[in-house]
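A closer look at the structure
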Amino acid sequence: MNFSLFHLAMIGLVLVSGCLNIFEDAPAGSDPKGCAQLPDKIQRDTCFNQQALSEKKASLCQYISNPQVITSCYTTLAVQTNDIEQCSTILEPPAADKC
């Protein structure tokens, strides 16, 4: 696994901020609309990211609004699934090249 400092920082931020508690509102396997109904943009992004990673569904990454979290979502899925095609969906060229 080749995690960059960015990925580790994002994981640390999620853990430290306590955002993991929001997943009780939209558990894995639930309809993505559960995430869309969360009141806070950061919570929505975190929820969609968590769902995408737990279900290994790249299609859920598209609902994330923060470009850095989108990149992290696709990059982490590429590593988890050993599928380099996930990297082609990353919009930021430097991040796509690193993926």
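Our structure's up above, just so we're on the same page.
These lines cover the structure that appears in this document, whether it is placed above or below.

**Topic: the overall build of the protein**
For the protein, the count of helices and strands is five helices and zero strands. Within the span of the protein, comprising 99 residues, buried residues form 35% of the whole. For the protein, the proportion of contacts with a sequence separation of at least 24, taken over those separated by at least 6, is 35%. Counting every atom, the protein has about 6100 Å² of accessible surface; 56% of that belongs to carbon and sulfur.

**What about the state of the cysteines?**
Tallying each qualifying case throughout the model produces two disulfides. Disulfide pairing is shown between Cys-35 and Cys-47; the S-S distance is 2.0 Å. The disulfide joining Cys-35 to Cys-47 has a torsion of about -65 degrees about its S-S bond and is therefore left-handed. Of the two residues, Cys-35 sits in helix α2 (residues 33–36) while Cys-47 sits in helix α3 (residues 41–55), which places them 12 residues apart along the sequence.

**Examining helix α4 (residues 67–81)**
Taking 1.5 Å per residue as the helical rise, α4 with its 15 residues ought to reach 21 Å, and the 21 Å between its terminal C-alpha atoms agrees with that figure. Of all the positions in α4, only Val-69, Ile-70, Thr-71, Ser-72, Cys-73, Tyr-74, Thr-75, Thr-76, Leu-77 and Ala-78 are classed as buried. Where α4 begins, the capping side chain belongs to Asn-66, and its oxygen is found 2.8 Å from the backbone nitrogen of Gln-68. Phi for Asn-82, located one or two positions after α4, is positive at around 55 degrees.

**Remarks on the pattern of salt bridges**
Pairing between side chains of opposite charge can happen when their charged atoms approach one another. Tallied over the entire structure, the rule returns one salt bridge. Across the pair Glu-55 and Lys-57 runs a salt bridge whose closest N-O atoms are separated by 3.6 Å. On the basis of relative accessibility, which here comes to 42%, the residue Lys-57 falls in the partly exposed class.

**Digging into the environment of Thr-76**
You can see Thr-76 is positioned in helix α4. Owing to a relative accessible area of 12%, Thr-76 belongs among the buried residues under this scheme.

What counts and what doesn't
- Each chain carries its own residue numbering, running from 1 in the written order of its sequence.
- For this predicted model, a pLDDT threshold of at least 70 governs which residues receive local features, and a threshold of 80 or more governs which side-chain atom pairs are given and counted, while totals over whole chains, interfaces and linings are taken from all residues.
- Values reported for side chains reflect all heavy atoms of the structure, with hydrogen atoms and water molecules removed beforehand.
- In this text, helices come from DSSP runs of H or I with a minimum length of four residues, and strands from runs of E with a minimum of two, each type numbered from the N-terminal end.
- For every residue, the accessible area obtained with a 1.4 Å probe (protein chains only) is divided by the maximum for its type, and the residue is called buried under 20%, exposed over 50%, and partly exposed between those limits.
- Residues count as neighbours in contact if any of their non-hydrogen atoms are within 4.5 Å of one another.
- Method for areas: the Shrake-Rupley scheme with a 1.4 Å probe, in which residue coverage is limited to the protein chains shown.
- Here, two cysteine sulfur atoms that lie within 2.5 Å of each other are counted as a disulfide.
- For a helix, the expected span equals 1.5 Å multiplied by the number of residues minus one.
- Residues adjacent in sequence count toward polar contacts only when both atoms are side-chain atoms; beyond that, a polar contact is any pair of N or O atoms within 3.5 Å, and within protein one must be able to donate a hydrogen and the other to accept it.
- Definition used for salt bridges: Asp or Glu carboxyl oxygen within 4 Å of a side-chain nitrogen of Lys or Arg.

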